[in-house]
Amino acid sequence: MHHKILIYDGTFQGLLTCIFQIYEEKLSDYSIHPEGYNQTDFFANKELVITDLEKSGRVLKRFKEYTSKKAVHRIYRAFLSEIPGVEIQIVEFFRHIFRHKTDLSDDFSYPPILKIAQIDRKVGREKHRMEAFIRFELLKDDIFFTKIAPDFNVLPLILKHFKNRYADQKWIIYDEKRQFGLFYDLKKVVPISLNFENNSKKDPNILHEDEINFQKLWKSYFDSSNIKSRKNTKLHLQHVPKRYWKYLTEKTIIM
Amino acid sequence: MNFDRIKEKLEILADAAKYDVSCSSSGSNRKNTKNGLGDSSGMGICHSYTEDGRCVSLLKILLTNHCIFDCAYCVTRRSNDIKRAAFKVQEVVDLTINFYRRNYIEGLFLSSGIFKDADYTMERLIKVAKKLREEENFNGYIHLKSIPGASDELMREAGLYADRLSVNIEVPTVSGLKLLAPEKKHEDFIKPMEKVKNEIIQFKQEKKFIKSTPKYAPAGQSTQMIVGATGESDRDIMYSANYYYQQYNMKRVYYSGYVPISSDPRLPTITSQVPMLRENRLYQTDWLLRFYGFDIRELLNNHHPNLDLDIDPKLSWALRNQHLFPVNINTADKMMLARVPGLGMRSVYKILQARKYRKLNWEHLKAIGVALNRAKYFIICDSRLWEKKDWTANQIKSKIIKTSSSKFRKDYSTQLNLFDHAS
Ligand code: SF4
């Protein structure tokens, strides 16, 4: 059979629809890519898969019959990694379960399952880092605001954490890389997209009058809590890799 | 708020508080209620790390560094010539709330020098916590220091607002305490600890029958010991840690390598190094006690009063007990697997899961992430190839050291020299 390239819309349901189709058409030689995937193989047999909630629901339902919530969660988080090729690993995971009709989701000696577990851990780590390293700035209109650019698409995963924690303040977390954000308006969280005019520079006029003062206090707290005779740069960098420094108020120079 | 003045106080009072190494903000179960601020029901989060690699999770400050005592090992001691400052209750509340809202911290760790007397000081600490809970509807984490000698009534009240309470033993032996803090009595440390322990038990009992029983110090108690200030052995330290775990249901004991802060002849000289490697070995030992099912007497005893610095305590134990190995990966029980050098609890869990489906061989173990360079001398698996040779403990040790790169290697060589001089 000819190699088939399935193109889906980048959603989890879309991927599950692909799995449905793989079974329906008994495909054996295929690859899966999200929209926007460029490759110049004109002869490949490309097909756009339209996300179908009924089909994706059936795939998931069947998977859940054999496995657990935990397994679904692990797969979903690995999916959010957006790592090229993760789709195929996920499909193999599903097929392994469907083939054996039993919960093998902890069978780490099966490579795709181990791989998914490893990616899941990476995504989990990034989620955790965002929960830790996000620094809100208070704006004039009483919204606590932050921009992030996480390695993986963790916004859907951190929503609950921030909603529970900051239930009595308005906040926005904006993913610059993926150009969408979450806005909590004291009642519910809604997705938003923003237009930044001069993207790179922060406009100090939009900050609350005390904001810079609190940033300075935090920075001096951070500096004072260091014990010089214990300095251990390697350990420090292991915990806070340099690429995260841009988030951290304590690591930036405040004018 | 007068930001300049607050900044000055913050610098002094954070600097004085930094020698308390505890920064844990986990173990509580306080949920956000009534749409208030904060939640400490999850695992604690480290929001930053100091340049020495320690977790920053709480705003850790002293209420004041005025103190009537003169403990030799403490920067805040009254004879020390330093700047003194004191926060107002409301200032600490404002700082905590503003830092928390910006996602800088998980909560507050408030300690204090003892001004006037123990009760007067404890009362002020409680006031801060009470204000945070009742006026600010704050559900973040609060760790209060139990002031040695504070009354039972105050300790009872403190637990109603705090998630965790701690008294630092600091000096692990009674004789050491006499030498370095002669004005302080051992009983003064024990009394609040005992009270808090009993209250925790009692509140838990009541909770079983009356659901509306309030929380009392849900994250329990902890304590800290200074390492390397009084010439104590690792055995002294860990036996006393073990005692506090058992006797007072401590959630955590912290070990803090002595940072030289004084030229007092009773203490190591001002130029001596912080014993970081030793501190690390003590934490590993602590870990083995709490999670790996070891008994302290297996790790430290009269024949073996100090931990090895060049290898970790589990490997050291395994080399002293070679008759228990090799362990069969495919059949050994969980606790025995946990005793194999190179196998952490995560690997143990993965092995237990994976071996349900097939017999595991070296390839499987490698894929799972087992540190085979250590483990291979102590295990057999589904393969004919294994270290059949009867290596002696010393041979295994040097082979393992050669193949592993210790993050402390450099420190180790300099500190080893230090120890040679000392002995
Ligand atoms: S009582 Fe506490 S603060 Fe005062 S000198 Fe002793 S250890 Fe330091």
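Residues numbered from 1 in each chain as written. Chains lettered and ligands numbered in written order. Predicted model: local features only at pLDDT ≥ 70, side-chain atom pairs only at ≥ 80, totals over all residues. Heavy atoms only, no water.

**Student:** When you look at the sheet that holds strand 8 (residues 189–192) of chain A in this model, what are you seeing that I'm missing?
**Tutor:** Consider a sheet: its strands pair through backbone hydrogen bonds, and that pairing is either parallel or antiparallel. All names here are of chain A. Pairing in this open sheet of five strands is mixed, and the strands run 4-5-6-7-8 from one edge to the other. Two strands lie at the open edges of the sheet, namely strand 4 (137–138) and strand 8, each paired on one side alone. Pairing between strand 5 (residues 143–148) and strand 6 (residues 170–175): six bridges, direction parallel. Looking across to strand 6, one finds that phenylalanine 144 is bridged to tryptophan 171. Those strands touched by helix 6 (residues 155–165) are strand 5, strand 6, strand 7 (180–184) and strand 8, and its axis lies near 165 degrees from that of strand 6. (Pairing = 2+ DSSP bridges. Helix = DSSP H or I, 4+ residues; strand = E, 2+ residues; numbered from the N terminus. Contact = heavy atoms within 4.5 Å. Axes fitted to C-alpha atoms, helices over the stretch in contact; angles between N-to-C directions.)

**Student:** Help me understand the domain arrangement of chain A, please; the structure alone is not making it clear to me.
**Tutor:** How big an interface is tends to be stated in terms of accessible area lost as the parts join. All names here are of chain A. Partitioning chain A into structural domains gives domain 1 (4–126) and domain 2 (135–254). Centre-to-centre separation of domain 1 and domain 2, based on C-alpha positions: 33 Å. On the domain 2 side, the residues contacting the nine residues of domain 1 number nine residues. Across the domain 1 to domain 2 interface the summed buried area is about 820 Å²; carbon plus sulfur atoms make up 64%. In this assembly, domain 1 and domain 2 are joined by one salt bridge. We note a salt bridge from arginine 178 to glutamate 82, for which the minimum N-O separation is 3.1 Å. On the surface where domain 1 and domain 2 come into contact, there are four residue pairs in polar contact (both at pLDDT 80 or more). Breaking the side of domain 1 that touches domain 2 down by element, the ones donating at least two residues are helix 3 (69–79) and helix 5 (111–133). When residues of the side of domain 1 that touches domain 2 are assigned to their parent elements, the largest contribution, three residues, is made by helix 5. Considering only residue class, the side of domain 1 that touches domain 2 consists of four nonpolar, one polar and four charged. (Domains from an automatic or database assignment. Buried area = accessible area lost by both parts, 1.4 Å probe. Salt bridge = Lys/Arg side-chain N within 4 Å of Asp/Glu carboxyl O. Polar contact = N/O pair within 3.5 Å; in protein donor to acceptor, adjacent residues only side chain to side chain. Nonpolar A, V, L, I, M, F, W, Y, C, P; charged D, E, K, R; others polar.)

**Student:** I keep staring at the packing of helix 3 of chain A against helix 4 (residues 86–100) of chain A and nothing clicks. Help me out?
**Tutor:** For any two helices packed against each other, the geometry is given by the interaxial angle and the distance between the axes. All names here are of chain A. Between helix 3 and helix 4, the shortest axis-to-axis distance is 10 Å and the interhelical angle comes to 165 degrees. Of the possible angle classes, the one that applies to helix 3 and helix 4 is roughly antiparallel. Crossing geometry of helix 3 relative to helix 4 is assigned as left-handed. Residues Ile75, Ala78 and Phe79 of helix 3 touch helix 4, and the partners they reach there are Val86, Ile90, Phe93 and Phe94. For the contact of helix 3 with helix 4, the class distribution of residues is seven nonpolar, no polar and no charged. (Parallel < 35°, antiparallel > 145°, perpendicular 65-115°, else oblique. Left-handed = near helix turned anticlockwise from the far one by under 90°.)

**Student:** Could you clarify how one ought to interpret the UniProt feature "domain: Radical SAM core" (unreviewed entry) in chain B in this entry?
**Tutor:** Residues annotated in UniProt with the feature "domain: Radical SAM core" (unreviewed entry) correspond here to residues 62–199 of chain B. The straight-line gap between the two end C-alpha atoms of residues 62–199 of chain B is 25 Å; of that span, 44% is helix and 10% is strand. (UniProt positions renumbered as here; feature names shortened; annotations may be inferred.)

**Student:** When you look at the interface of chain B and chain A in this model, what are you seeing that I'm missing?
**Tutor:** Listed as interface residues are 57 residues of chain B and, on the opposing side, 56 residues of chain A. Joining chain B to chain A, the criterion identifies four salt bridges. Salt-bridge contacts for A:Asp168 lead to B:Arg101; the nearest nitrogen and oxygen are separated by 2.9 Å. Summed over the shared surface of chain B and chain A, the result is 23 residue pairs in polar contact (both at pLDDT 80 or more). Of all elements in the fold, only helix 1 (3–15), strand 1 (48–49), strand 3 (58–62), helix 2 (89–101), helix 8 (276–291), helix 12 (345–354) and helix 13 (362–368) of chain B reach the threshold of two or more residues within the side of chain B that touches chain A. Broken down by element, the residue count for the side of chain B that touches chain A peaks at seven residues, all from helix 1 of chain B. Broken down by class, the residue content of the side of chain B that touches chain A amounts to 27 nonpolar, 13 polar and 17 charged.

**Student:** Help me understand the confidence of the model for chain A in this model?
**Tutor:** Interpretation of this model should avoid reading the predicted coordinates in detail wherever pLDDT is low. Residues of chain A with pLDDT of at least 70 account for 93%, and the chain-wide mean is 89. Mean pLDDT in chain A bottoms out at helix 8 (residues 233–239) of chain A, which sits at 80, and peaks at strand 6 of chain A, which reaches 96. (pLDDT = per-residue confidence, 0-100.)

**Student:** Before we go on, may I ask you to explain the state of the cysteines in this structure?
**Tutor:** A covalent bond between the sulfur atoms of two cysteines is referred to as a disulfide. All names here are of chain B. As enumerated under the stated definition, the model contains one disulfide over all chains in all. A sulfur-sulfur distance of 2.2 Å marks the disulfide that ties cysteine 46 to cysteine 55. Residues cysteine 46 and cysteine 55 are joined by a disulfide whose S-S torsion is about -105 degrees; by sign, that bridge is left-handed. Residue cysteine 46 is classed as partly exposed on the basis of its relative accessible area of 22%. (Disulfide = S-S within 2.5 Å. Buried < 20%, exposed > 50% of the residue type's maximum accessible area, 1.4 Å probe, protein only.)

**Student:** Looking at this structure, I do not really get the packing of helix 7 (residues 211–224) of chain A against helix 2 of chain B. What am I missing?
**Tutor:** Running from N to C, helix 7 of chain A and helix 2 of chain B point in directions that differ by 100 degrees, and their axes come no closer than 11 Å. Our classification of the angle between helix 7 of chain A and helix 2 of chain B gives roughly perpendicular. Where helix 7 of chain A abuts helix 2 of chain B, its residues A:Phe214, A:Leu217, A:Trp218 and A:Tyr221 lie against B:Leu95, B:Asn98 and B:Phe99.

**Student:** Even after reading the chapter, I still don't get a positive patch on the surface, so can you show me in this structure?
**Tutor:** A surface patch of positive charge is lined by A:Lys115, A:Arg121, A:Lys122, A:Arg125 and B:Arg346. With four residues, the top contributor of residues to the positive patch is helix 5 of chain A. By the secondary structure assignment, A:Lys122 is in helix 5. (Patch = residues over 30% accessible without salt bridge, like charges linked within 9 Å, V, L, I, M, F, W, Y side chains within 5 Å. Areas by Shrake-Rupley, 256 points an atom, 1.4 Å probe, with all protein chains shown as cover. Lys, Arg positive; Asp, Glu negative; His and termini not counted. Charge placed at Lys NZ, Arg CZ, Asp CG, Glu CD.)

**Student:** Before we go on, may I ask you to explain the confidence of the model for chain B in this structure?
**Tutor:** All names here are of chain B. Across chain B, the average pLDDT comes to 87, with 94% of residues at 70 or higher. Per-residue pLDDT, averaged within each element of chain B, yields its smallest value for helix 16 (residues 409–422) (38) and its largest for helix 2 (97). This model gives residues 407–423 a pLDDT under 50, and the stretch forms 18 contacts once residues within four places in sequence are excluded. Interface confidence for the predicted complex, expressed as ipTM, amounts to 0.89; the pTM equals 0.87.

**Student:** When you look at the site of the ligand in this model, what are you seeing that I'm missing?
**Tutor:** The local shell around the ligand consists of B:Cys67, B:Phe69, B:Cys71, B:Cys74, B:Thr76, B:Arg77, B:Gly113, B:Ile114 and B:Lys184. Across the shell around the ligand, the residue classes break down as five nonpolar, two polar and two charged. (Near = heavy atom within 4 Å.)

**Student:** Even after reading the chapter, I still don't get the sheet that holds strand 2 (residues 30–34) of chain A, so can you show me in this structure?
**Tutor:** All names here are of chain A. Strand order across the open sheet formed by three strands is 2-1-3, with parallel pairing between neighbours. Two strands lie at the open edges of the sheet, namely strand 2 and strand 3 (45–48), each paired on one side alone. Neighbour-to-neighbour, the strand axes of the sheet open up by a mean angle of 25 degrees, direction not taken into account. Looking at chain direction, strand 1 (residues 4–8) and strand 3 are connected through four bridges and run parallel. Across the sheet, residue lysine 4 finds its bridge partner in strand 3, namely asparagine 45.

**Student:** Can you walk me through the packing of aromatic side chains in this structure?
**Tutor:** Note on aromatic pairs: each is described by the distance of the centres and the angle between the planes. All names here are of chain A. Counted by the stated rule, this structure contains 33 aromatic pairs over all chains. Between tyrosine 23 and phenylalanine 98 the ring centres are 5.8 Å apart and the planes differ by 75 degrees, which places this aromatic pair in the edge-to-face class. You can see tyrosine 23 sitting in helix 1 (residues 12–24) and its partner phenylalanine 98 sitting in helix 4, a full 75 residues away along the chain. Take tyrosine 23: its relative accessible area is 37%, and that puts it in the partly exposed class. In this structure phenylalanine 98 comes out as buried when scored by relative accessible area, which is 6%. (Phe/Tyr/Trp six-rings, centres within 6.5 Å; stacked < 30°, edge-to-face > 60°.)

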